[in-house]
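Architecture and fold: a report
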Amino acid sequence: MPYHKPESKTVQELKDIAHRLRIHSITSTQASKSGHPTSCASIAEIMSVLFFQTMRYKLSAPKDASNDRFVLSKGHAAPILYAAWAEAGLFPISDLQNLRKIDSDLEGHPTPRLNFIDVGTGSLGQGVAVAAGMAYVGKNFDKTDYRTYVLVGDGESAEGSIWESLHFAGYYKLDNLCVIFDVNRLGQSEPTSLQHQMEVYRKRLDAFGFNAIVVDGHDVEELCKAFYEASETKGKPTAIIAKTFKGKFFPNIEDLENWHGKPLGDKAQEVIKHLEGLIVNHGALNVKVQSPTATSPTVDITKVKLATPPEYKLGESVATRLAYGTALAKLAVNNPRVIALDGDTKNSTFSEKLKKAFPERYIECFIAEQNLVGVAIGAACRDRTIAFASTFATFFTRAFDQIRMGAISQTNVNFVGSHCGVSIGEDGPSQMGLEDVAMFRTIPGSTVFYPSDAVSCERAVELAANTKGVCFIRTSRPNTAVLYKNDEPFQAGKGKVVKSSPNDQVLLIGAGITLYECLAAAEQLAKAGIHARIIDPFTVKPLDSDLIVKEGQFCGGRVVVVEDHYREGGLGEAVLSALAEHRNFVVKHLYVPRVPRSGPPTVLIDMFGISSRSIVAAANEVLKL
């Protein structure tokens, strides 16, 4: 389809809207006495052309699955995003004066408290990954023509995560994705490293497989043409590299340093008067929002069940990481929107089981964990998929920022970390997840599953698929014996008593491989006439505090908790927190006390004090107290 440039009347209206957006950004940040009006000013024409000429969306339903998507990666420019939606008619323009107020959802950076925001942004370097996840779903699962736009600041393009995501988008030829770079030259505290070297940006993006277009970011006609070219480009994503100026059209402020993150103060009225003088049409807008041209398929991702129940024999040795893969493939049989993402560890995490069963529903993210997490968050947006993202547990730590932003984004992504603890053995400490439980416990609203056998792991996967918020499933490398019958019911926040007698004197709590060390310790203690009760918590968060208190009291308040994790933030501290409000408990906590080393798993477990031998010693100690 040939390009038809907009009529001069439309061009003028888009220019006028840009200035109105600038004015709203000034007045709202003046009202809040904080914010980033100059960062808004550099993208005013981009926002005007996007929202009032290019994007297709239903104003009555901002979250409609058929709408084009927009991610403001440079989240500090939130005031102009709010202004664009207000000018479009979603809410009264007067509401913009409530920016950053305690009783307003127009927060300093965008969050999904607002129905027109898909993901929280503001921690820089993450928007492209999320947008790429949305675009991947649109192209390969929804298979409709909605497009995804993401606006990136030139300052944040120094983040390596941006380039992980650009590589992903280029590799998968996401031609429904448009990345807009706001190259306004100035960072927060000084000029950016590249400033206005537009050809350097163009060459880099071209090398990453993008249709790279350099434009004057304040020229409405150039922007209209570039967005049209992006929509017509097939086989590769488009990057619009916009040369802009911070504080554009702000007299004595434009392109000057030391104006980042500051309202204009006593200069505001002078600047507003200047901007009003640039507006030709002061009346109602004639530019109309475009509606979507196609309808996305209806998706139901509720009440997902395993296609068949677990099928194991009691005592059979099966690694929980293998059971994860089995459960994932079973879930996928029952729902076409169950997908797996991995960081080139699929033959270790066993996410490859879903790939073998449904290759089109597996997304290889390669060794780029920050992008892996961001893409998963994007894929789960607007409830389009049930996303499971897996890698070694320890490698999620490099994506902690993306995970915490996922919680702010109200995401329902399920993270699965294998190869936890010293029990992985000879690979050594760089591969051992020893901080992962602590990390995921700190995430607001998270659920942390720690299944100990294959049956409980399959059920953890099923439960996670139906649980709101961030979920983490910790799986182990070694084979462990099947403890539970195939029809055993499981529930988040409900632990299991796996061994008990009327004469129990001490309560042992373990998870994963340490649960089996507790069982071995109980046998040794029994030979000395000491009876031990054992709890499998199943979830570390929420922890079954009532069960632990009840069973601990039965055992005279004597508790030993043991975990294949560092001391801080893991199962032991969760148990200690649960017991802190109760009298007459004594707790012995066994954990990995220092950075471990390579060696056979059984040797390491014993060397670092979490084997049955150490549990027996700890039980004898608490019995003496």
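An account of the accompanying structure is given in this report. (Residues numbered from 1 in each chain as written. Predicted model: local features only at pLDDT ≥ 70, side-chain atom pairs only at ≥ 80, totals over all residues. Heavy atoms only, no water.)

**Re the packing of helix 3 (residues 44–54) against helix 8 (residues 220–232)**
Two elements in contact, helix 3 and helix 8, have axes separated by 10 Å at closest approach and are oriented at 55 degrees. For the element pair helix 3 / helix 8, the angle class is oblique. Relative to helix 8, helix 3 is oriented so that their crossing is right-handed. Residue-level contacts link Glu-45, Ile-46, Val-49, Leu-50, Gln-53 and Thr-54 of helix 3 to Val-220, Leu-223, Cys-224 and Phe-227 of helix 8. Broken down by class, the residue content of the contact of helix 3 with helix 8 amounts to 7 nonpolar, 2 polar and 1 charged. (Axes fitted to C-alpha atoms, helices over the stretch in contact; angles between N-to-C directions. Helix = DSSP H or I, 4+ residues; strand = E, 2+ residues; numbered from the N terminus. Parallel < 35°, antiparallel > 145°, perpendicular 65-115°, else oblique. Left-handed = near helix turned anticlockwise from the far one by under 90°. Contact = heavy atoms within 4.5 Å. Nonpolar A, V, L, I, M, F, W, Y, C, P; charged D, E, K, R; others polar.)

**Some words on unusual backbone geometry**
Each neighbour pair has its own omega, and for Lys-541 with Pro-542 the value is -5 degrees, a cis peptide bond. Within the element layout of this structure, Pro-542 appears in the loop between strand 17 (539–541) and helix 18 (545–554). Within the chain, Gln-195 stands out as a residue other than glycine whose phi angle is a positive 45 degrees. Positionally, Gln-195 belongs in the loop between strand 3 (177–183) and helix 7 (198–207). Its identity is not glycine, yet Arg-382 carries a phi of approximately 55 degrees, on the positive side. With respect to the helices, strands and loops of the structure, Arg-382 is situated in the loop between helix 13 (369–380) and strand 9 (386–392).

**Considering the pattern of salt bridges**
Evaluation of the coordinates by the stated rule reveals 29 salt bridges. Between Arg-382 and Asp-118 there is a salt bridge whose closest N-O contact spans 2.8 Å. Here Arg-382 is found in the loop between helix 13 and strand 9, whereas its partner Asp-118 is found in the loop between helix 4 (78–88) and helix 5 (127–142), with 264 residues between them in sequence. Under the relative-accessibility criterion, Asp-118 is labelled buried at 8%. (Salt bridge = Lys/Arg side-chain N within 4 Å of Asp/Glu carboxyl O. Buried < 20%, exposed > 50% of the residue type's maximum accessible area, 1.4 Å probe, protein only.)

**A look at the packing of helix 13 against helix 14 (residues 400–408)**
It is at 8 Å that the axes of helix 13 and helix 14 come closest, and there the two elements cross at 15 degrees. Comparing their axes, helix 14 and helix 13 come out roughly parallel. Crossing geometry of helix 13 relative to helix 14 is assigned as right-handed. Between helix 13, through Gln-370, Val-373 and Ile-377, and helix 14, the contact on the second element is made entirely by Gln-402, Ile-403 and Gly-406. Tallied by class, residues from the contact of helix 13 with helix 14 come to 3 nonpolar, 3 polar and no charged.

**Some details on helix 21 (residues 612–624)**
Think of an α-helix as turning once every 3.6 residues; residues three or four places apart then point the same way. The terminal C-alpha atoms of helix 21 lie 19 Å apart, and with 13 residues this matches the ideal 18 Å at 1.5 Å per residue to within 8%. Of the positions making up helix 21, those classed as buried are Ser-612, Ser-614, Ile-615, Val-616, Ala-618, Ala-619 and Val-622. Where helix 21 is buried, its residues touch strand 15 (506–510), helix 17 (513–527), strand 18 (558–566) and strand 19 (586–592). (Expected span 1.5 Å × (residues − 1).)

**Focus: the nonpolar core**
Counting 81 residues, the largest nonpolar core has Leu-341 and Phe-415 as its most contacted members. Sort the elements by how many residues they give to this core and helix 5 lands first, with 9 residues. For Leu-341, the contacting residues outside a window of four places in its chain are Ile-363, Cys-365, Leu-372, Val-375, Ala-376, Ala-387, Phe-388, Ala-389 and Ser-390. Met-47, Phe-116, Tyr-149 and Ala-230 belong to the second-largest nonpolar core, a separate cluster that totals 51 residues. (Core = buried A, V, L, I, M, F, W, Y, C linked by side-chain atoms within 4.5 Å.)

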